[in-house]
Amino acid sequence: MTNTPPVADRRPRTLTAHGVERVDPYYWLRDENWRAVMRDPSVLQADIRTYLEAENAYTKAQLGDVEALQDALFDELKGRIKPDDASPPVKDGPFAYYVRYETQGEHPLYCRKPRDGGAEELLLDGDRLSKEHAFYRLGAIRQSFDHTRLAWSEDVKGSELYRIQVRDIAGGDPIDQIVEGTSGSIVWAKDGQHYFYTKLNDDLRPDRAFCHRIGDDPANDRLVYHEPDSGYFLSIEESDSRDFIFLASHASETTEVRFLRSDTPDAAPTLIAPRRDGHQYDVVDQAGRFVIRTNRDGAIDFKLMETPIDAPSEENWTDLVPARDGVLVRGVQAFKTWLVWLETVNALPRIVVTNTGSGDRHMIEFEEEAFSLGLSGGQEYESGKLRFSYSSPTTPERIFEYDMDTRERVVLKEQEIPSGHEPADYVVRRIQARAHDGVEVPMTVLHRADAPMDGSQPVLLYGYGSYGMSMPASFSPHRLSLVDRGFVYAIAHIRGGMEKGYRWYLDGKMTTKTNTFRDFVSAGEALVERGWATPGEIAIHGGSAGGMLVGAAANMRPDLWKAVVAEVPFVDCLTTILDDSLPLTPPEWTEWGNPVASKEIHDLMLSYSPYDNIEEKDYPAMLITGGLTDPRVTYWEPAKWAAKLRAMKTDSNLLLLKINMDAGHAGSAGRFDKLKEVALNYAFLLKVFGRTGS
């Protein structure tokens, strides 16, 4: 039975917008009680569960001949992870805090030691906490200012509805009621009696910030701020000095920030600058001033401004670091006498360090063709020590502590690969693909040094290209399992990300969204033109909005690809963005456009929606995955896509759907359980390419 593909019932439903009718035969796969399913997956409608479980059984049967390969891949992937891994300790007052893992542990342990060394104190055991749940993910873990209390958030369904608990560190006992339905963020007030959090509404959108007093009934928590606009998300974070708490209302292109002092938890928040369409800003505090990263005054790639904390309104902002053409300012970190920011130039990152007393400025740069660089954060505000991370596709991650005064750097941690890794065995290249309109699209390519690069080897091309998210040229030990079996691994840094600045993002969203898909196809064609790939021998991989990308690419050029791996793919995009009852829809209108209000946007989305553009033709082999409690890309999108593809495609290539019935958008939460999903993806690719024996 499991060797026969499941066939979903056709229950046509007509959807109409702007006079355009679409008939959706698989709309019924959306449980009308989906909000309840997010909180309790057991209430899923019986006929939907039956279909999803049939698809899962079919996938398992079709991959039965590579189960041993999956096991071998899992062992191989696990062998590249240090079993008892630990983070570098972060000093905070009299202690140094860190995360570590037990040798066979799936979840982190949060620990501390005396600042200058001594016995370990285990504060939170993620492995023990997870035992009662099929799914478990720790969110924020925060100690109070006096180091006597620990608060943490946890998601036990995969739906990103976090609950917050607090315990007394000395006794280990709970000292507070559980706060349910939060986004997972926690910020302590200085008195150790209050903490702040954001709560999700019925549509799973964080729209309210509360202040909770330890011991009080959460139903009586003080509402600090309510975001009334359904197009905005509300977030909360602590300032670098820990003296302030920031509340940020943010949409795709607009932000509004409020603040209050962490020593006055009963105060009302103060607005810094009211929202203005298209104005984005974020704030750090330093020595009596706010430093603001903003795109004001036409600074498309952002600039830095400053304003007194006691007079923060926009008329008091003055330029600190002007906007520079082609230089994207990505993030800022403040110390008492130092200001640090990460910027991108020509698709490569660098760190800028400024002494705010002397004005002296220098940069931290690296020489590889492609690499990733990030600010680690968490360092004490009073210190002159910066932490940053560096890696490349060939070089495992290193975390450095950098003395900003002497400019000396010390490696605090280097990612260990227990099974061994020799960077010289691999080559990373940065190349350019020419897009349909002549634009140069950067690509990062990884291959073994002994690879022939003559088109005989399979290629895996990865992309994302949405929300301004840049895909870093970082190290991933997982990829080596394919590269060591002869694959070339490529990342296409397509429009819709910010690899080449903010305009790179603008040129791949809303009315220019099709640039994203066409860039990706151009990246595949560039590999062929260089002789590194053969048409029909390229696999493509993307997740979430990257799933939309590979879905669109499969419709556009199915002849170019041999296989598609689409994880939690956003493929029924028009139907979703027309439905403002879904948690992400109103905020998404600034990313894709609003098809409810605009026929132009409606018709544009209809032209590229992967689900709506399935045709009776041959498609590549496909592995499609989803999560039942995913609030970002709901499970029915991949399920409907698979059902419609199965009904319409004219080939006999593998088409597999795997829905994780115990997880959400990010899949399994355990560090080893997650590897089983990677092993499944890779075994599928190796089967399709006929390399199961390698």
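The structure under discussion appears in the preceding block.
Quick caveat, the model's predicted, so the values are computed rather than measured.

As for the overall build of the protein
Assigned secondary structure in the protein consists of 13 helices and 38 strands. Rg of the C-alpha trace for the protein: 25 Å, near the compact-globule value of 26 Å for 694 residues, within the 12% margin. In terms of its C-alpha atoms, the protein occupies a principal-axis envelope of roughly 65 × 55 × 55 Å. The burial tally for the protein puts 58% of its 694 residues in the buried class. Look at the contacts in the protein between residues 6 or more apart in sequence, and 56% of them connect residues 24 or more apart. With 79 positive and 108 negative side-chain charges, the protein shows a separation of 1 Å between the mean positions of the two kinds.

Observations regarding the pattern of salt bridges
With the rule as written, the count across this model stands at 54 salt bridges. Between D85 and K413 there is a salt bridge, and its shortest N-O distance comes to 2.9 Å. Remark: K413 occurs in strand β30 (residues 409-414) and D85 occurs in the loop between α3 (67-79) and β3 (90-92); sequence separation between them is 328 residues. R398 serves as the salt-bridge partner of E414, at 3.4 Å between the closest nitrogen and oxygen. Placement of E414 in strand β30 and of R398 in strand β29 (residues 398-403) is noted, with a sequence separation of 16 residues between them. E414 gets classed as partly exposed once you look at its relative accessible area, which sits at 38%. Accessibility expressed as a relative area gives 30% for R398, which makes it partly exposed.

Comments concerning the nonpolar core
L52, L461, L527 and F684 are the most contacted members of the largest nonpolar core, which totals 119 residues. In terms of residues, this core owes the most to one element, helix α13 (residues 673-688), which gives 10 residues. Within the second largest apolar cluster, 16 residues are counted, among which are F335, V340, L373 and M404.

Description of the sheet that holds β30
A sheet is described by the order of its strands in space; here four strands give the open sequence β27-β28-β29-β30, paired in antiparallel fashion. Of all strands in the sheet, those with a lone pairing partner are β27 (372-375) and β30, marking the two edges. Recorded for the sheet is a direction-independent mean angle of 25° between the axes of neighbouring strands. Of the pairings in the sheet, the one linking β29 to β30 comprises five bridges and is antiparallel in character.

Structural notes on the side chain of S481
Structurally, the position occupied by S481 is in helix α5 (residues 480-483). With residues near it in sequence (within four places) discarded, S481 still touches L73, E76, L77, R80 and Y682.

Remarks on helix α2 (residues 46-62)
Under the 1.5 Å per step criterion, the end-to-end length of α2 is 24 Å for 17 residues, consistent within 8% with the ideal 24 Å. Every buried residue belonging to α2 is among I48, Y51, L52, E55, N56, Y58, T59 and Q62, and all of these are buried. Looking down the long axis of α2, one finds its buried residues gathered within 160° of arc, a one-sided arrangement. Summarising the geometry of α2, the exposed residues directed more than 90 degrees from the buried face are A46, T50 and K60. Looking at the buried positions of α2, the neighbouring elements they touch are α12 (636-648), β38 (655-660) and α13.

Notes on the sheet that holds strand β6 (residues 121-125)
The strands that make up a sheet pair up through hydrogen bonds in the backbone, lying either parallel or antiparallel. One open sheet holds the four strands; their spatial order is β3-β4-β5-β6, and the pairing between them is antiparallel. The sheet terminates laterally at β3 and β6, the two strands that pair on one side only. Averaged over neighbouring strand pairs, the angle between their axes works out to 25° when direction is ignored. With four bridges joining them, strand β5 (residues 109-114) and β6 adopt antiparallel strand pairing. Bridge pairing links C111 to L122 in β6.

Considerations on the packing of aromatic side chains
For the coordinates displayed, the defined rule picks out 27 aromatic pairs. On the basis of an interplanar angle of 65° and a centroid distance of 6.3 Å, the ring pair of F366 and F388 is categorised as edge-to-face. Remark: F388 occurs in strand β28 (residues 385-391) and F366 occurs in the loop between β26 (361-364) and β27; sequence separation between them is 22 residues. Classification of F388 as buried rests on a relative accessible area of 0%. The ring of F672 is capped by K78, whose NZ or CZ atom sits 4.6 Å from the centre of that ring. Stacked on the ring of F302, the Lys or Arg R293 has its end atom at 4.2 Å from the ring centre.

Looking at the side chain of E154
Mapped onto the elements of the fold, E154 is located in strand β8 (residues 149-155). A polar contact is formed between the side chain of E154 and the side chain of Y136, at a distance of 2.4 Å. Of the polar contacts made by the side chain of E154, one reaches the side chain of Q165; its length is 2.6 Å. The contacts of E154, once residues within four sequence positions are left out, are L129, Y136, R137, G139, L161, Y162, R163 and Q165.

Re the pairing of strand β21 (residues 303-308)
Looking down a regular strand, the side chains alternate between one sheet face and the other. Direction of pairing for strand β20 (residues 289-294) relative to β21: antiparallel, over a ladder of six bridges. Looking at the pairing, I292 lines up with M305 of β21. Of the strand pairs in this sheet, β21 and strand β22 (residues 318-321) are connected by three bridges, and their pairing is antiparallel. Within β22, the residue paired with L304 across the bridge is V321.

Things to note about unusual backbone geometry
Even without being glycine, H147 reaches a positive phi, approximately 65°. Note on placement: H147 falls in the loop between β7 (137-143) and β8. Phi at N346 is positive, roughly 55°, even though this residue is not glycine. Within the secondary structure, N346 sits in the loop between β24 (338-345) and β25 (348-355). Judged by relative accessible area, which is 62%, N346 ranks as exposed.

Some remarks on the pairing of strand β16 (residues 244-250)
For β16, the tally of buried residues reaches six of seven residues, placing the bulk of the element in the interior. With six bridges joining them, strand β15 (residues 233-238) and β16 adopt antiparallel strand pairing. When the bridges of β16 are listed, E238 appears paired with I245. Relative to strand β17 (residues 255-261), β16 runs antiparallel, the two being bridged by seven bridges. Bridge assignment links F246 to a residue of β17, and that residue is F259. Counting the residues that bridge the hairpin from β16 to β17 gives four residues.

Some details on the packing of α2 against α12
The interhelical angle for the contact between α2 and α12, taken along N-to-C directions, is 65°, at an axis separation of 12 Å. When the interaxial angle is binned, α2 and α12 end up roughly perpendicular. The two elements α2 and α12 meet at a crossing, and its hand is left-handed. Contact residues: Y51, L52, E55 and Y58 in α2; A639, A643 and R646 in α12. Split into classes, the residues belonging to the contact of α2 with α12 amount to five nonpolar, no polar and two charged.

Calculation rules
Residues numbered from 1 in each chain as written. Predicted model: local features only at pLDDT ≥ 70, side-chain atom pairs only at ≥ 80, totals over all residues. Heavy atoms only, no water. Helix = DSSP H or I, 4+ residues; strand = E, 2+ residues; numbered from the N terminus. Rg over C-alpha atoms; globule rule 2.2 N^0.38 Å. Buried < 20%, exposed > 50% of the residue type's maximum accessible area, 1.4 Å probe, protein only. Contact = heavy atoms within 4.5 Å. Lys, Arg positive; Asp, Glu negative; His and termini not counted. Charge placed at Lys NZ, Arg CZ, Asp CG, Glu CD. Salt bridge = Lys/Arg side-chain N within 4 Å of Asp/Glu carboxyl O. Core = buried A, V, L, I, M, F, W, Y, C linked by side-chain atoms within 4.5 Å. Pairing = 2+ DSSP bridges. Axes fitted to C-alpha atoms, helices over the stretch in contact; angles between N-to-C directions. Expected span 1.5 Å × (residues − 1). Arc of directions from axis to C-beta. Phe/Tyr/Trp six-rings, centres within 6.5 Å; stacked < 30°, edge-to-face > 60°. Lys NZ or Arg CZ within 6 Å of the ring centre and 35° of its normal. Polar contact = N/O pair within 3.5 Å; in protein donor to acceptor, adjacent residues only side chain to side chain. Parallel < 35°, antiparallel > 145°, perpendicular 65-115°, else oblique. Left-handed = near helix turned anticlockwise from the far one by under 90°. Nonpolar A, V, L, I, M, F, W, Y, C, P; charged D, E, K, R; others polar.

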